[in-house]
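# Inside the fold
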Amino acid sequence: MKEFRYERPTDADSAVALLTDAPGAAYLGGGTNLVDLMKLGVAAPDLLVDVSRLPFEEVEETDGGGLRVGAAVRNSTLAARRMVRERYPIVSEALLSGASAQLRNAATVGGNLLQRTRCLYFQDVGKPCNKRRPGSGCPAREGVHRDLAILGASEHCVATHPSDLAVALAALDAMVHLVSAAGPRSLPLTELHRLPGDEPHRDTVLRHGELITAVELPPPVPEARSAYRKARDRASYAFALASVAAVLQVRGGMVHHVRIAFGALAARPWRARTAEEALLGQPATEEAFGEAVDRELAAARPLRDNGYKVPLARRLAVSVLTDLAAPDAGGQR
Ligand SMILES: Cc1cc2nc3c(=O)[nH]c(=O)nc-3n(C[C@H](O)[C@H](O)[C@H](O)COP(=O)(O)OP(=O)(O)OC[C@H]3O[C@@H](n4cnc5c(N)ncnc54)[C@H](O)[C@@H]3O)c2cc1C
Ligand code: SF4
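Residues numbered from 1 in each chain as written. Chains lettered and ligands numbered in written order. Predicted model: local features only at pLDDT ≥ 70, side-chain atom pairs only at ≥ 80, totals over all residues. Heavy atoms only, no water.

### Some thoughts on the site of ligand 2
- Around ligand 2 there are 13 residues in total, and Cys-119, Cys-129, Cys-138, Cys-157 and Val-158 lie nearest to it.
- A per-class count over the shell around ligand 2 returns 10 nonpolar, 2 polar and 1 charged. (Near = heavy atom within 4 Å. Nonpolar A, V, L, I, M, F, W, Y, C, P; charged D, E, K, R; others polar.)

### A look at the site of ligand 1
- Around ligand 1 sit 32 residues, and of these Tyr-27, Gly-31, Thr-32, Thr-108 and Asp-164 come closest.
- Between Thr-32 and ligand 1, the recorded distance is 2.7 Å, taken from a side-chain N or O atom to an oxygen atom.
- At 2.6 Å from an oxygen atom of ligand 1 is found a side-chain nitrogen or oxygen belonging to Thr-108.
- Burial of ligand 1 by the protein chains amounts to 91% of its free accessible area of 990 Å².
- Broken down by secondary-structure element, the contributors of at least two residues to the shell around ligand 1 are strand 2 (25-28), helix 2 (34-40), helix 7 (109-113) and strand 8 (211-217).
- Residues that form the shell around ligand 1 fall into these classes: 15 nonpolar, 13 polar and 4 charged. (Polar contact = N/O pair within 3.5 Å; in protein donor to acceptor, adjacent residues only side chain to side chain. Areas by Shrake-Rupley, 256 points an atom, 1.4 Å probe, with all protein chains shown as cover. Helix = DSSP H or I, 4+ residues; strand = E, 2+ residues; numbered from the N terminus.)

### Here we look at the side chain of Lys-309
- Here Lys-309 lies in helix 11 (residues 309-325).
- No salt bridge is formed by the buried Lys-309, whose closest oppositely charged neighbour, Asp-147, lies at an N-O distance of 5.9 Å.
- Reaching out from Lys-309, the side chain makes a polar contact with the backbone oxygen of Leu-148 at a distance of 3.1 Å.
- Engagement of the side chain of Lys-309 in a polar contact is seen with the backbone oxygen of Ala-264, the distance being 2.6 Å. (Buried < 20%, exposed > 50% of the residue type's maximum accessible area, 1.4 Å probe, protein only. Lys, Arg positive; Asp, Glu negative; His and termini not counted. Salt bridge = Lys/Arg side-chain N within 4 Å of Asp/Glu carboxyl O.)

### Looking at helix 10 (residues 286-297)
- Counted at 1.5 Å a residue, the expected span for helix 10 with its 12 residues is 16 Å, and the 16 Å between its end C-alpha atoms agrees.
- For helix 10, the set of buried residues is Ala-288, Phe-289, Gly-290, Ala-292, Val-293, Glu-296 and Leu-297.
- Taken together, the buried residues of helix 10 touch strand 10 (242-251), strand 11 (254-263), strand 12 (270-271), helix 9 (273-279) and helix 11. (Expected span 1.5 Å × (residues − 1). Contact = heavy atoms within 4.5 Å.)

### Details of the packing of helix 10 against helix 11
- Relative orientation of the contacting elements helix 10 and helix 11 amounts to 145°, with a least axis distance of 9 Å. Classified by chirality, the crossing of helix 11 by helix 10 is right-handed. Residues Glu-286, Phe-289, Gly-290, Glu-291, Val-293, Asp-294 and Leu-297 of helix 10 form the contact with helix 11, whose participating residues are Val-310, Ala-313, Arg-314, Ala-317, Val-318, Leu-321, Thr-322 and Ala-325.
- Class assignment for the residues of the contact of helix 10 with helix 11 results in 9 nonpolar, 2 polar and 4 charged. (Axes fitted to C-alpha atoms, helices over the stretch in contact; angles between N-to-C directions. Left-handed = near helix turned anticlockwise from the far one by under 90°.)

### Section: helix 11
- In this model, helix 11 (17 residues) spans 24 Å end to end at C-alpha, consistent with the 24 Å of a helix rising 1.5 Å per residue.
- Of all the positions in helix 11, only Lys-309, Leu-312, Ala-313, Leu-316, Ala-317, Val-318, Val-320, Leu-321 and Leu-324 are classed as buried.
- Residues of helix 11 that are buried make contact with strand 9 (225-231), strand 10, strand 11, helix 9 and helix 10.

### Some thoughts on the pairing of strand 2
- What you see with strand 2 is no split at all: Ala-25 and Tyr-27 on one side and Ala-26 and Leu-28 on the other are buried throughout.
- Strand direction decides the pairing type here: strand 2 and strand 3 (residues 47-50), joined by 4 bridges, are parallel. Along strand 3, the bridge assignment pairs Ala-26 with Leu-48. (Pairing = 2+ DSSP bridges.)

### Examining the side chain of Ser-163
- Note that Ser-163 resides in the loop between helix 7 and helix 8 (165-171).
- With relative accessibility at 3%, the residue Ser-163 sits in the buried group.
- A polar contact of 3.3 Å, which involves the side chain of Ser-163, links it to the backbone nitrogen of Leu-165.
- For Ser-163, the residues in contact, after removing those within four places along its chain, are Asn-112, Leu-113 and Gln-115.

Structure, rendered in structure tokens:
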């Protein structure tokens, strides 16, 4: 591993200043992704700015009845919070479906959202990869791509984003709060990650030195139910092959509010806006859910070995929505 300097600032301004002046520097959360990538030679920062002890460790109710989660809150802490389990159960479900207890104890909210793709070629410095080395090629298209994207990919990259938490936050219309040398700004979680286009090395819209300070959840939708469901090769300690987070409010048998986000199908959490629009005001039936999800997945462009994700994602979404619509069973509030 290349030698690097380590700094642990105590406030956000100092952290931002350290990174802004150093193009080769990176923020360090729990290190469960970045340090692995450093060991593999994929990442080689010359300065690590530890932001895991900044004063962003609170989970607080906002004045409007939502929740503000500091970027340094550990994944296990967030999943266990009573307020989260009772009011935003998909956040707990998504977090607990990921990684292991030890990893969740170390991983932070900010780091979780910015973890890099698990594409095998990205992690192997002996192979070409447009995301790691722009212009070198994308061997995954013809090679091993069973886990990779069916939506929103480009000829330059077919990677998926691996975070479970990000999928739940996309379905909840969460906002991400940031700070940089230019000051603070906020953006919807759904706008944080980029599709690859012809710049697959840029995972997000963040500028160098921009620090995630918090994630904010709006107040829960009254009488809505929500659930997170994940399909994977093993029952634990495995990334998603496909996942879905859904929030559904049914009134008089009709869909009154619905949010659907897919995970592991694209380079970002995939908000199923076509399906949502198709469902609003429609009967909350399995048939209507199936038709709406089919419309969304019509945009899928699978490769040789990942076409199975289309029916898998469909089954996950339809089963979650059908459970949530059942009057006395299925998903949680
Ligand atoms: C074996 C294994 C299995 C896993 N399984 C899953 C799974 O099933 N589902 C899942 O979702 N995840 C899974 N993970 C990934 C794990 O959740 C992530 O490694 C973790 O969430 C990253 O958080 P961290 O704080 O350790 O980030 P770090 O590794 O410290 O940082 C990750 C990135 O975020 C940046 N960063 C960190 N904090 C900030 C901030 N506040 N502002 C701006 N940039 C920041 C860093 O510079 C770095 O680029 C798994 C990991 C392993 C090793
Ligand atoms: S899919 Fe993306 S990350 Fe994987 S090899 Fe191709 S360019 Fe690299």
